Amino acid sequence: MDELKEECGVFGIYGHSEAANLTYLGLYALQHRGQESVGIASSDGARLQLHRAMGYVADNFNEATIERLAGMSAVGHVRYSTAGESGLKNAQPILIDCAHGEIAICHNGNLVNAQELREALVSQGSIFQTTSDTEVLLHLYARSKAGSPELALIESVSQAQGAFSLVLLTKDRLIAVRDPHGFRPLTIGRLGDAYIVCSETCALDLIDAEWIRDVEPGEVLIIGPEGMKSIHPFAPAPHAHCIFEHVYFARPDSYVFGRSVNEVRTEFGRRLAIEQPVEADVVVPIPDSGVCAATGYSERSGISLQMGLIRNHYVGRTFIEPHQSIRHFGVRVKLNPVKSILQGRRVVLVDDSIVRGTTSRKIVRMVRAAGASEVHMRISCPPTISPCFYGVDTPKRSELIGATHSLEEIRRYIGADSLGYLSLDGLRTSVGSSGSSYCTSCYTGEYPVAFPRNEAAYLQLALKLIE
């Protein structure tokens, strides 16, 4: 893996006759947040129905499937695994029936104390069916003696630490919960009389819904027959929005944490041009993630922007590599250089990040082979030096090239004539006056929520920190 992966996207809707169909469309818009598995649960007011599968949204739902998911409310999930291995048993929504009734849960984020909670529950007799951290919340919920499902949910979630944006469905309620730090995004929309909760506003746009506001950090939002009720049951905490949502994860047509992703990424590029100027003939984005920043870099530097690399949008997750040697095949199957743009020119390549450096190395070589006289790499964020524990799948620290190599060593490894990153101050300034409310642990190694360091009990987390 030479790129960072988001864990998942969530979508929920209450009070619409086509709830399952609109959830399908919402997940289609959120497919970029997870491609391993997909699922939808719906309620007809009496019972919950569920369909889950491995793979893409469009490949696993059709008209007949949607018709079986009857009802006026539904929740959906697309997943890329960070906590818990890949497999259908870990797909979401997870649906259970307990003393509080049926409930389906969708989770975006990662619970740093999940293993500790799980071990305590197992010692008390709980039997787990998955390896997902999300199932811990359901066991706590089922064991709660609280007098209502809402209070049981609050009691269970109060024991969790880390990042969680949750969308849950009961037979007559849609519930949204966001952790007090607000790590992962969660937003509210409206379509006629129906309410929607989802990870990004691009999902609202697709179904022509109106954006209302974000679910606030630490808020529990309950939507039911009586309307929408907001509760803030958790102790306030400093906000720690994931800044990598703006760097890479979110779609550029979304608004995340109150800001246009497109505008923030373009500003990253403008500031990158100020901080890391270079004499060149053309700015070339590495598509698709580098396009916005490259636009800003070109705008501020005055160097022409041209699409010197063309992406093949029809590449699936796997392909059969030919037995014979084809130079740069792994990259070329996704990107192909435009020689007429690159040949004989000094090229600025703009990308969002460098993880291990292997892909950047191949792209630089490919651009040189296409005839570029110079290749200058510019990255629209600081070096990634630490793993994430809040819902982003990052390698071990020892595998992050920014943590183990100097700037000059990275430049030599990828083969560029120069290499420049956006500074941390530039990154924070670009997101506006609220820059201090973002989590930047992947660039600093400073974590807003403490995570377990007992290597015996928390091997998966501890391994990420091995240097």
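Figured I'd write up the structure that's included with this text. (Residues numbered from 1 in each chain as written. Predicted model: local features only at pLDDT ≥ 70, side-chain atom pairs only at ≥ 80, totals over all residues. Heavy atoms only, no water.)

1. Thoughts on the overall build of the chain
Move 1: What the chain contains, in helices and strands, is 18 helices and 25 strands.
Move 2: A total of 467 residues make up the chain; the buried ones form 58% of that total.
Move 3: On the chain, roughly 18700 Å² of surface is accessible, and the fraction owed to carbon and sulfur atoms is 49%. (Helix = DSSP H or I, 4+ residues; strand = E, 2+ residues; numbered from the N terminus. Buried < 20%, exposed > 50% of the residue type's maximum accessible area, 1.4 Å probe, protein only. Areas by Shrake-Rupley, 256 points an atom, 1.4 Å probe, with all protein chains shown as cover.)

2. Looking at the packing of helix H5 (residues 134-143) against helix H6 (residues 149-157)
Move 1: Close contact between H5 and H6 brings their axes to 8 Å; oriented N to C, the two are set at 130°. In terms of orientation, H5 lies oblique with respect to H6. As for the relative orientation of H5 and H6, their crossing is right-handed in sense. Between H5 and H6, the residues in contact are Leu-137, Leu-140 and Tyr-141 and Pro-149, Ala-152, Leu-153, Ser-156 and Val-157, respectively. (Axes fitted to C-alpha atoms, helices over the stretch in contact; angles between N-to-C directions. Parallel < 35°, antiparallel > 145°, perpendicular 65-115°, else oblique. Left-handed = near helix turned anticlockwise from the far one by under 90°. Contact = heavy atoms within 4.5 Å.)

3. Describing the packing of helix H9 (residues 261-275) against helix H10 (residues 291-301)
Move 1: Closest axis-to-axis distance for the H9/H10 pair is 6 Å, and the angle between their directions is 45°. If you check the angle between H9 and H10, you find them oblique. The crossing of H9 and H10 is right-handed. The residues of H10 that touch H9, namely those facing Asn-262, Arg-265, Thr-266, Gly-269, Arg-270, Leu-272, Ala-273 and Ile-274, are Cys-292, Ala-293, Gly-296, Tyr-297, Glu-299, Arg-300 and Ser-301.

4. Concerning the sheet that holds strand E24 (residues 418-421)
Move 1: Here we have 4 strands laid out as an open sheet, ordered E18-E21-E22-E24, and parallel in their pairing. Each of the sheet's edge strands pairs with one partner strand only, and the pair in question is strand E18 (282-285) and E24. Averaged over all neighbouring strand pairs, the angle between strand axes comes to 25°, with direction disregarded.
Move 2: With 4 bridges connecting them, strand E22 (residues 374-379) and E24 associate as parallel partners. (Pairing = 2+ DSSP bridges.)

5. Examining the packing of aromatic side chains
Move 1: Counted by the stated rule, this structure contains 10 aromatic pairs.
Move 2: The interplanar angle of 65° and the centroid separation of 6.3 Å between the aromatic rings of Tyr-390 and Tyr-447 together place this pair among those described as edge-to-face. Taken as a pair, Tyr-390 in the loop between E22 and strand E23 (392-393) and Tyr-447 in the loop between helix H17 (441-444) and helix H18 (459-464) lie far apart in primary sequence, 57 residues in all. You'll find Tyr-390 and Tyr-447 in the same group, each marked buried.
Move 3: Among the aromatic residues, those joined into a ring-pair cluster are Phe-183, Phe-389, Tyr-390 and Tyr-447. (Phe/Tyr/Trp six-rings, centres within 6.5 Å; stacked < 30°, edge-to-face > 60°.)

6. Some remarks on the side chain of Ser-418
Move 1: Relative to the helices and strands, Ser-418 resides in strand E24.
Move 2: Ser-418 sits in the buried class, given a relative accessible area of 16%.
Move 3: Among the polar contacts made by the side chain of Ser-418, one reaches the side chain of His-376 at a distance of 2.6 Å.
Move 4: Setting aside chain neighbours within four positions, we find Ser-418 in contact with Val-278, Val-375, His-376, Met-377, Arg-378 and Arg-411. (Polar contact = N/O pair within 3.5 Å; in protein donor to acceptor, adjacent residues only side chain to side chain.)

7. Here's the deal with the nonpolar core
Move 1: Grouped together as the largest cluster of nonpolar side chains are 66 residues, with contacts concentrated most on Leu-349, Met-377 and Tyr-390.
Move 2: With 5 residues, H9 is the largest single contributor of residues to this core.
Move 3: Judged by nonpolar contacts, the second largest core, of 28 residues, contains Cys-98, Leu-140, Val-157 and Ile-222. (Core = buried A, V, L, I, M, F, W, Y, C linked by side-chain atoms within 4.5 Å.)

8. A word on H6
Move 1: All of the buried residues in H6 are Glu-150, Ala-152, Leu-153, Ile-154, Ser-156 and Val-157.
Move 2: Looking at the buried residues of H6, the elements they touch are H5, strand E8 (162-169), strand E9 (174-178), strand E13 (220-224) and strand E14 (227-231).

9. Topic: the sheet that holds E14
Move 1: With antiparallel pairing, the 6 strands of this open sheet are ordered in space as E6-E7-E8-E9-E13-E14. On the outer flanks of this sheet lie strand E6 (94-98) and E14, each paired with one strand and no other. Geometrically, the sheet is characterised by an average inter-axis angle of 20° between neighbouring strands, direction not taken into account.
Move 2: In this structure, strand E7 (residues 101-111) lies alongside E8, joined through 8 bridges in antiparallel fashion. Across the sheet, the residue bridging to Ala-104 is Leu-169, located in E8.

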